[in-house]
Amino acid sequence: MTIFLCGFMGCGKTTAGRITARKLGLRYADTDEIIVKAQGMTIPEIFEKKGERFFRDTEAETVRGLCGKKLVVSCGGGAMLNSETAQYALSHGIVVFLDVPFETCYNRIKNDRNRPIAAASTRDELLERFEQRHLIYLNNSTVRVMGLGSPNENAQAIIDAVKGVRNADL
């Protein structure tokens, strides 16, 4: 079974995902890392040279390609915004929304030049994006985990939530 972690930029998907995978004895994957490796470019370079649409299409392909594998996958912040991608992930795995307050996310991403959307946006623009995405994440996930603890605590909360899902094969 594939466990997909979704949520806003800087919510801790990568950190909690690695710990979750280790605790469950599963492999770990990060969609952004897979795309960067496959394209031979950083995410800002992909956005600049090929555009956001290309990146989002590649992201959707990447998620679909990971479905059905025994993995914990950290998805880019926009992956589950695509309803077709989200439905495919929901039907082939468990999607966990790692819900973290905006201020926490913002403090983690505000100076990160490897995040083209964050680098090109004001705080208010990011807050608006956060608010627009929140309901979409809720609607496109199997379970919601409040990521208010330490990375280890968040990983355990993810594991507990996934174990509570009917037919979870852990």
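Above: the structure in question.
An account of the accompanying structure is given in this report. Within each chain, residue numbers correspond to sequence positions counted from 1 in written order. Per-residue local features are limited, in this predicted model, to residues with pLDDT of at least 70; the limit for side-chain atom pairs, both in listing and counting, is 80 or more; totals at the level of whole chains, interfaces and linings are taken over all residues. As a convention, hydrogens and water are excluded, and side-chain values are obtained from all of the structure's heavy atoms.

The next thing to look at is the packing of helix α5 (residues 102-109) against helix α7 (residues 123-139). Under this scheme, a helix contributes an axis fitted over its contacting stretch, all axes are lines through C-alpha atoms, and angles between N-to-C directions fall in the 0 to 180 degree range. Note on conventions: DSSP H or I runs of at least 4 residues are helices, E runs of at least 2 residues are strands, and numbering of each starts at the N terminus. Put simply, α5 and α7 touch, their axes get as near as 11 Å, and they point 130° apart. Classified by the angle between their axes, α5 and α7 sit oblique to one another. Read as a crossing pair, α5 and α7 show a hand that is right-handed. Contact residues: F102, E103, C105, Y106 and I109 in α5; R123, L126, L127 and F130 in α7. Grouping the constituent residues of the contact of α5 with α7 by class yields 7 nonpolar, no polar and 2 charged. Angle categories: roughly parallel below 35 degrees, roughly antiparallel above 145, roughly perpendicular from 65 to 115, and oblique for all the rest. Handedness of a helix crossing follows the sense of rotation of the near helix relative to the far helix, less than a right angle counterclockwise being left-handed and clockwise being right-handed. Here a residue-residue contact requires only that any non-hydrogen atoms of the pair lie within 4.5 Å. Residues were grouped as follows: Ala, Val, Leu, Ile, Met, Phe, Trp, Tyr, Cys and Pro as nonpolar; Asp, Glu, Lys and Arg as charged; and all remaining residues, including Gly, as polar.

Looking now at the pattern of salt bridges. Whenever Lys or Arg places a side-chain nitrogen within 4 Å of a carboxyl oxygen from Asp or Glu, that contact is recorded as a salt bridge. With the rule as written, the count across this model stands at 8 salt bridges. As a salt-bridge pair, R123 and D124 come within 3.8 Å of each other at their nearest N and O atoms. Each residue's exposure class comes from its accessible area (1.4 Å probe, protein chains only) as a fraction of the maximum for that residue type: buried when under 20%, exposed when over 50%, partly exposed otherwise. For R123, a relative accessible area of 31% translates into the label partly exposed.

Turning to the packing of helix α1 (residues 13-24) against helix α8 (residues 151-163), a few remarks are in order. The N-to-C vectors of α1 and α8 enclose an angle of 60°; their axes lie 8 Å apart at closest approach. Relative to α8, the element α1 lies oblique. As α1 packs across α8, the resulting crossing turns out to be right-handed. In this structure, α1 contributes T15, A16, I19, T20, R22, K23 and L24 to the contact, and α8 contributes P151, N152, N154, A155, Q156, I158 and I159. Within the contact of α1 with α8, the residues separate by chemical class into 7 nonpolar, 5 polar and 2 charged.

This brings us to the side chain of R133. Here R133 shows up in helix α7. Contacts of R133, omitting those with residues within four sequence positions, involve F8, R56, G77, G78, L81 and I117.

Let us now look at helix α2 (residues 31-39). Whenever two N or O atoms come within 3.5 Å, that pair is a polar contact, provided that in protein one can donate a hydrogen and the other can accept it, and provided that, for residues adjacent in sequence, both atoms are side-chain atoms. Backbone nitrogen of D32 and a side-chain oxygen of the N-cap are separated by 2.9 Å at the start of α2; the cap is D30. Looking one or two places after α2, you find G40, whose phi comes out positive at around 65°.

Here the focus is α5. Every buried residue of α5 is listed here: F102, C105, Y106 and I109. Buried residues of α5, seen end-on, are gathered within an arc of 100° and therefore sit on one face of the element. The reported arc concerns the directions from the helix axis to the C-beta atoms and nothing else.

Time to look at the sheet that holds strand β4 (residues 93-99). Note: strands within a sheet are paired through backbone hydrogen bonds, in either parallel or antiparallel orientation. Read from one edge of the open sheet, 5 strands run β2-β3-β1-β4-β5, paired in parallel fashion. Each edge of the sheet is formed by a strand with only one pairing partner; in this case those strands are β2 (27-30) and β5 (143-146). Between one strand and the next, the sheet's axes are offset by a mean angle of 25°, whatever the strand orientation. The criterion for strand pairing is that DSSP finds at least two bridges linking the strands in question. Bridging between β2 and strand β3 (residues 71-74) involves 4 bridges; their strand directions are parallel. Looking at β3, one finds that A29 is bridged to V73. Strands β1 (2-6), β2, β3 and β4 of the sheet are contacted by α1, whose axis makes an angle of about 165° with β2. Contacts from α7 reach β1, β4 and β5 within the one sheet, and its direction differs from that of β4 by about 150°.

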